[in-house]
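Close look at the chain arrangement
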Amino acid sequence: MKKFLIVWVIITSLVLASCGGNSSKPSTKIDVSMTDFQFQPNAFAVPAGQEITLNAKNDGGVVHSFVIMNKGQSAGTEFTAEDQPNVYWQVEIQPGGSIDTTFTAPPDPGEYEFVCHVPGHIQAGMVGKLNVVTGE
Ligand SMILES: [Cu+2]
């Protein structure tokens, strides 16, 4: 029985690892679920300068947001008024709601932080990484 458990753990981690690998493949579509208090998944790769479709669902019980910070900017542990000028793009979703919208990916490749701006939510875990990559 113990052996089966170990095998199951290994298979599960392999599956999870391969899923993680997919997030580094650039896509013009982002599908994200927001819960209390997580982005699932919490890492995306998009091609620089292209139009990105964002499909976001708030599966939580409180309002959440998807806020992309400018390159090199971090909201830290709490999003405050001082962080607002450093926002690249943002959208808010009511609990139980969903949105289907588009934004233009930053033309400058690199790593961008995205967060939920609602007080306390970054500390609770609502932070992720948007990897902007150049097309060939
Ligand atoms: Cu939130």
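Look a little higher up for the structure.
Residues numbered from 1 in each chain as written. Predicted model: local features only at pLDDT ≥ 70, side-chain atom pairs only at ≥ 80, totals over all residues. Heavy atoms only, no water.

**Focus on the coordination of the copper ion**
Only His-64 (ND1), Cys-116 (SG), His-121 (ND1) and Met-126 (SD) from the protein reach the copper ion as donors, at distances of 2.0 to 2.6 Å. Taken together, the four donor atoms surrounding the copper ion define angles of 89 to 132° at the centre, an arrangement classified as tetrahedral. Among the residues examined, Cys-116 registers a relative accessible area of 0% and is labelled buried. With a relative accessible area of 7%, His-121 lands in the buried category. (Donors = N, O, S within 2.8 Å, 3.2 Å for Na, K, Ca; no water. Tetrahedral: all angles 85-135°; square planar, octahedral: opposite > 155°, others 65-115°. Buried < 20%, exposed > 50% of the residue type's maximum accessible area, 1.4 Å probe, protein only.)

**Brief notes about the side chain of Asn-58**
Within the fold, Asn-58 resides in strand E4 (residues 51–58). Given a relative accessible area of 1%, Asn-58 falls into the buried group. Separated by 2.9 Å, the side chain of Asn-58 and the backbone oxygen of Val-62 make a polar contact. Polar side-chain contacts of Asn-58 include one of 3.3 Å to the backbone oxygen of Gln-94. With residues near it in sequence (within four places) discarded, Asn-58 still touches Met-34, Val-63, His-64, Ile-93, Gln-94, Pro-95, Gly-96 and Gly-97. (Helix = DSSP H or I, 4+ residues; strand = E, 2+ residues; numbered from the N terminus. Polar contact = N/O pair within 3.5 Å; in protein donor to acceptor, adjacent residues only side chain to side chain. Contact = heavy atoms within 4.5 Å.)

**Here we look at the pairing of strand E9 (residues 127–133)**
Burial along E9 is one-sided: the residues Gly-128, Leu-130 and Val-132 are buried and none of Val-127, Lys-129, Asn-131 and Val-133 is. One ladder, built from five bridges, connects strand E3 (residues 43–47) with E9; its direction is parallel. Residue Ala-45 lies in a different strand from E9, and its bridge partner there is Asn-131. Bridge count between strand E8 (residues 110–115) and E9: six bridges; the pairing is antiparallel. By the bridge assignment for E9, Tyr-112 is matched with Leu-130. (Pairing = 2+ DSSP bridges.)

**Remarks on the sheet that holds strand E7 (residues 98–104)**
Where strands meet in a sheet, backbone hydrogen bonds hold them as pairs that are either parallel or antiparallel. The strand order across the open sheet formed by four strands is E2-E1-E4-E7, and the pairing between neighbours is mixed. Each having just a single partner strand, strand E2 (38–40) and E7 make up the two edges of the open sheet. Strand-to-strand twist in this sheet, taken as the mean axis angle between neighbours without regard to direction, amounts to 25°. Pairing between strand E1 (residues 29–35) and E4: six bridges, direction parallel. Bridged to Asp-31 within E4 is Asn-55. (Axes fitted to C-alpha atoms, helices over the stretch in contact; angles between N-to-C directions.)

**Quick look at the pattern of salt bridges**
Going through the model one piece at a time under the given rule, you end up with four salt bridges. One salt bridge in this structure joins Asp-59 and Lys-57, with 3.5 Å as the shortest N-O distance. One salt bridge connects Glu-111 with Lys-129, and the closest N-O pair in it is separated by 4.0 Å. Here the residue Glu-111 occupies a position in strand E8, and Lys-129 occupies one in strand E9, the gap between them amounting to 18 residues. (Salt bridge = Lys/Arg side-chain N within 4 Å of Asp/Glu carboxyl O.)

**Some remarks on the environment of Cys-116**
On the secondary structure map, Cys-116 appears in the loop between E8 and helix H2 (121–124). On a C-alpha basis, the gap between Cys-116 and Phe-37 in space is 9.0 Å, while along the polypeptide they are 79 residues apart. Among all residues touching Cys-116, those that are not within four sequence positions of it are Phe-39, His-64, Ser-65, His-121, Ile-122 and Met-126.

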